[in-house]
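One letter stands for each residue in the lines below.
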Amino acid sequence: MSRQPAWPPRPNHAVRAGALLAALAAAVVAAAVSEHTFVLGTLVGALVGAGVLVLVMWSRHRQAQRLARSEAARSQEATAALLHDFETQSDAWSWAADREGRLTHAAERMASELGCGVPGQLLGQSLLQLLRFGEGGPSLAMQQGFRDTPDRQMPPDLVWLMGSLAGKAPFRGVEVQVRSPVRPALWWSISGVPVLDEIGLHVGWRGVVRDVTTLHEQSRKLERLAHVDTLTGLANRHVLQSRTEQAVDQLAQAPEATGEEALSPLSLYLLDLDNFKSVNDHFGHLVGDRLLQEVAQRLQRCVDEGPSGGVLARLGGDEFALLIEQPLHIVEREALALAMLATLREPWTPEDLCIEVRASLGVAAWAGPGDTASLLLQQADIALYEAKAAGRDMVRLFDAAMGERMVERHLVIHELGLALNAAQRALAHPDRPEPDLPCGRLSVYYQPQHDVADGRLTGFEALVRWRHPQRGWISPAQFIPVAEETGLVVALGEWVLRQACRDAVDWGGDGKIAVNVSGVQLASRHLVRTVAQVLAETGLPPFRLELEVTETAVLADPAAARTRMQSLRSLGIGLGLDDFGTGYSSLAYLRTYPINTLKIDRSFITGLAAGAQADMILRTIIQLGQGLGMKTLAEGVETVEQLDTLRRHGCLQVQGYLFAAAMTAKDAAARVLQARRSMA
C-alpha cells in the first residue's frame with residue numbers, strides 16, 4: 001500500500017490563478033441561477049472566458065521561454081564548437097582583454113605557442129608583456145634564458161600595437177614578432193575592436209590573432225633571392241650595382257674625400273674565367289656549376305684576407321665582381337688583383353678530375369666627383385677587355401689610354417655597321433649608286449693564287465677591305481676581331497661570300513674563289529643553308545668555291561666543326577684549313593676532317609731566312625699535307641728564293657706579293673682574261 005504525502009504539492013502560480021478564477025466563476029453562476037438575473041449571467045460568461053484566455057496565454061509564454069533557452073543553449077554549443085575548430089585547425093584564433101590590455105580569454109593555440117600548458121595561465125597577463133617577453137612576463141622570460149631586460153627598447157612593431165591599444169580604436173593586421181621559447185622565429189598578425197558597455201564606455205577588447213610566420217619566411221626567401229646569387233651564395237648584380245651607386249653618391253657629397261690617381265677611396269674589380277666554356281662543354285654543366293662554387297669560395301677567402309669593406313658578387317655566368325670601399329693605393333689595388341688570380345691558379349681536383357682554372361681581371365678606381373657608378377663599371381669592363389686581349393690570365397688597371405681605345409672601338413662598331421648596311425644595299429641594287437658616306441666603304445679585294453710548277457693562275461682569295469674617308473684604310477686586324485665579338489661577322493661574312501661568288505661568275509672560267517669563314521660563322525647552324533642559298537642565287541658551280549677555316553675555329557668544338565664541314569662538303573664545295581701550324585693542331589683530328597687544302601701560314605715562309613731548321617719544318621708540313629691527300633698552298637710568298645724552296649719541297653700552289661697584291665674585282669677580271677688569252 002503506497003504511502004500518501006502528508007502535504008499536497010504546492011501548485012504553481014498559474015494553477016492557483018486558474019483555480020481562483022474557476023471558483024469565482026462557480027459562485028457567480030450559482031448566484032445567477034438562484035436569482036435568475038440576466039446581467040449576472042452575462043458577467044459570469046465573460047469572467048469564465050477571460051480566465052481561460054489568461055491560462056492559454058500564460059502557457060504559451062512559458063513554452064516560448066523554454067524554447068528560447070533551449071535554442072540559445074544549442075547556439076552557444078554550436079558557436080563554441082565552431083570556435084574550437086577554428087582555433088585548433090586554422091592559423092588564427094580569438095583573444096579578449098579588459099580595457100587595460102590584460103587577457104580575459106586566450107585560445108589553446110596561443111598558450112602552446114607561448115610555451116605554457118593551458119590558456120588559464122595567460123589570463124590576467126598583459127598582452128604587450130606576453131608578446132615582448134613571453135609567457136610569465138620579463139622575470140620568467142629571463143629565467144628561461146631570454147637575455148632581454150625589461151628596460152630594453154621596445155621593438156617598433158610592439159610600439160605600433162601599444163599605440164593602437166591606447167587609441168581605443170579598431171586596428172587590423174598589426175604584425176609583431178613574438179618572443180617564444182617554442183619556436184625561434186614567430187610572427188603574429190593581430191586585429192582587435194574595442195568592447196563598449198550599455199552606455200558606450202570602453203570596457204575591453206576582442207579580436208583575432210593570425211600566425212603569419214610562414215608568410216614572413218617566404219618573404220625573407222624572396223628577398224634573399226632578390227639579393228643573393230643562389231648558386232654561389234654571393235651577392236648578385238643588383239646588390240653590387242646598388243652598393244656602387246651608394247658609395248659613389250656618398251663620395252660625391254664629400255669633396256674632401258676626392259681621390260687621387262694613385263690613391264682612391266673606391267675600387268671596382270671585374271673578373272671573368274678564361275676557360276669556363278670548355279669546362280661546360282667537356283665535363284657538363286653540373287661540373288661547371290661546382291667550379292663556379294669553388295671559384296666563389298676561393299675568391300671569398302682571398303677577400304677576407306685582404307682589405308675590409310669588400311662586397312664580392314657574381315654578376316652572372318662566369319663573371320665576378322668585387323667592390324672595395326676603403327682607400328687603396330694603386331700598388332695595393334694591383335696586389336689584390338694578382339692575389340685573386342693566384343688563388344685561382346691552383347688546379348681544381350674534384351673526384352678523379354683535374355681542371356685548370358684561369359681568369360682575366362680588370363680594375364677601375366673612383367677618380368673624382370665626375371665619376372658615376374655606371375662609368376666606374378664601364379671602366380672596369382674596359383680594363384677586363386684589355387686583360388683578355390693581352391693574352392688572358394692577366395690584370396689590367398684602367399687608364400686614360402684604355403678609354404681612348406675603347407672610344408675608338410665603339411666608333412668602329414658603329415661605323416662598321418653603317419658601312420656594311422651600305423654594302424648590302426649596293427649588292428642588292430647594283431644599278432643604284434651609293435653616295436659617299438662618313439663611315440666609308442666596304443669592298444672585296446682578290447689576291448691571285450698560282451700553280452707552283454708553271455705559274456698558272458688557279459684562283460683568288462677574297463679579302464674584305466674598309467676605306468674610311470678620315471682614317472684611310474682600316475686594317476682587317478682592327479675591325480674583324482670587333483666584328484667577331486659583336487656577332488657582326490656573320491652578316492659581314494655572308495656579304496663577302498655573296499659578293500665574291502657574284503664576281504667569280506662574272507669572270508667566267510673554272511678558277512677557284514676562296515672565302516674565309518670565321519669561327520663564329522662555323523659555329524652557326526645557318527652556315528650550310530646560307531652557302532647553298534648563295535650558290536643557287538649567283539649560279540656559281542660549287543666546285544669553284546672553297547671555304548677557308550682556321551685551326552682555332554675548328555678545335556673550339558671539333559665534333560660540331562666536323563659535322564658542319566661534312567655538310568658543306570656534301571654541297572660539292574672545297575674546304576681549306578687556313579693558317580696551319582699557328583694553332584694547336586691535332587693530327588688525330590686533322591686526318592678526319594674533310595679538308596681539300598692545307599694552307600701554310602706566312603710565318604713559316606718568312607722564317608726560311610732563319611736557317612735549316614725552318615726549312616725542315618716547312619718540308620714536314622708539306623709532306624704531311626701530301627700524306628693526308630691534301631693540296632698545299634703557301635701564302636706570303638715575296639721572293640724568288642722562297643718560291644724555289646717551296647717548289648723543291650713539293651708545294652703545289654702559292655700566293656703573295658711576288659705575283660700580285662690584292663686587287664679590285666675589276667682588276668681581277670682583267671687578270672682572268674689575260675690568263676685565258678695566254679693559255680689560248
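Residues numbered from 1 in each chain as written. Predicted model: local features only at pLDDT ≥ 70, side-chain atom pairs only at ≥ 80, totals over all residues. Heavy atoms only, no water.

### Details of the packing of helix 17 (residues 527-538) against helix 19 (residues 558-569)
Thinking step 1. Where helix 17 contacts helix 19, the axes come no closer than 9 Å and their chain directions differ by 15 degrees. Here helix 17 lies roughly parallel to helix 19, going by the angle between them. Of the two possible hands of crossing, helix 17 and helix 19 adopt the one that is right-handed. Counting all contacts with helix 17, which are made through Leu527, Val528 and Val531, the residues of helix 19 involved are Arg564, Ser567 and Leu568.
Thinking step 2. Considered class by class, the residues forming the contact of helix 17 with helix 19 number four nonpolar, one polar and one charged. (Axes fitted to C-alpha atoms, helices over the stretch in contact; angles between N-to-C directions. Helix = DSSP H or I, 4+ residues; strand = E, 2+ residues; numbered from the N terminus. Parallel < 35°, antiparallel > 145°, perpendicular 65-115°, else oblique. Left-handed = near helix turned anticlockwise from the far one by under 90°. Contact = heavy atoms within 4.5 Å. Nonpolar A, V, L, I, M, F, W, Y, C, P; charged D, E, K, R; others polar.)

### Focus on helix 22 (residues 612-627)
Thinking step 1. Taking 1.5 Å of rise per residue, 16 residues should cover 22 Å, and helix 22 covers 22 Å from first to last C-alpha, within 8% of that figure.
Thinking step 2. Three or more residues of helix 22 are buried, namely Ala614, Asp615, Leu618, Ile621, Ile622 and Gly625. Buried residues along helix 22 cover an arc of 125 degrees about the axis, so they all sit on one side. With respect to the buried face of helix 22, the exposed residues turned more than 90 degrees away are Ala612, Gln613 and Gly627.
Thinking step 3. Immediately downstream of helix 22, the backbone of Gly629 shows phi near 75 degrees, a positive value. (Expected span 1.5 Å × (residues − 1). Buried < 20%, exposed > 50% of the residue type's maximum accessible area, 1.4 Å probe, protein only. Arc of directions from axis to C-beta.)

### Re the sheet that holds strand 9 (residues 319-324)
Thinking step 1. With mixed pairing, the five strands of this open sheet are ordered in space as 8-9-7-11-12. Lying at the two open borders of the sheet, with one neighbouring strand each, are strand 8 (310-316) and strand 12 (395-397). Along the sheet, successive strands turn relative to each other by an average axial angle of 15 degrees, direction set aside.
Thinking step 2. Along the sheet face, helix 11 (residues 330-345) touches strand 7 (267-273), strand 9, strand 11 (359-365) and strand 12 and points at about 25 degrees away from the line of strand 7. (Pairing = 2+ DSSP bridges.)

### A closer look at unusual backbone geometry
Thinking step 1. Of note, Glu351 is a non-glycine position whose phi angle comes to about 55 degrees, a positive value.
Thinking step 2. Tracing the sequence through the fold places Glu351 in the loop between helix 11 and strand 11.

### Concerning the nonpolar core
Thinking step 1. By size, the foremost hydrophobic cluster in this structure holds 73 residues, and its most contacted members are Leu442, Trp495, Ile513, Leu545 and Leu547.
Thinking step 2. The element contributing the most residues to this core is helix 15 (residues 488-507), with nine residues.
Thinking step 3. Ignoring any residue separated from it by four or fewer positions in sequence, one finds Leu547 in contact with Leu497, Val515, Val517, Val531, Leu568, Ile573, Gly574, Leu575 and Gly576.
Thinking step 4. If you look at the next biggest cluster of nonpolar residues, it comprises 32 residues, including Ile324, Met340, Ala359 and Val363. (Core = buried A, V, L, I, M, F, W, Y, C linked by side-chain atoms within 4.5 Å.)

### A closer look at the packing of aromatic side chains
Thinking step 1. Taken as a whole and assessed by the stated rule, the structure comprises seven aromatic pairs.
Thinking step 2. Their ring planes at 85 degrees and their centres at 5.2 Å tell us that Trp93 and Trp188 sit as a pair that is edge-to-face. Taken together, the residues Trp93 in strand 1 (residues 92-98) and Trp188 in strand 4 (residues 187-196) connect sequence positions 95 residues apart. Take Trp93 and Trp188: they sit in the same class, and that class is buried.
Thinking step 3. Taken together, the ring pairs connect Tyr446, Phe460 and Trp507 into an aromatic cluster.
Thinking step 4. The ring centre of Tyr385 lies 4.4 Å from the NZ or CZ of Arg409, which sits over that ring. (Phe/Tyr/Trp six-rings, centres within 6.5 Å; stacked < 30°, edge-to-face > 60°. Lys NZ or Arg CZ within 6 Å of the ring centre and 35° of its normal.)

### Observations concerning the pairing of strand 4
Thinking step 1. Bridge count for strand 3 (residues 171-177) against strand 4 is five bridges, and the pairing is antiparallel. Residue pairing for strand 4: Phe171 is matched across the bridge by Gly192.
Thinking step 2. Note that strand 4 and strand 5 (residues 202-211) share nine bridges and pair antiparallel. Bridging from a neighbouring strand, Gly192 pairs with Gly207 of strand 5.

### Focus on the sheet that holds strand 5
Thinking step 1. Strand order in the open sheet formed by five strands is 2-1-5-4-3, and the pairing between neighbours is antiparallel. The open sheet is flanked by strand 2 (103-106) and strand 3, the only strands paired with a single partner. Across the sheet, the axes of successive neighbouring strands diverge by a mean angle of 25 degrees, strand direction being ignored.
Thinking step 2. For strand 1 and strand 2, the ladder comprises three bridges, and the chain directions are antiparallel. Residue pairing across strands places Ala96 opposite His105, the latter belonging to strand 2.

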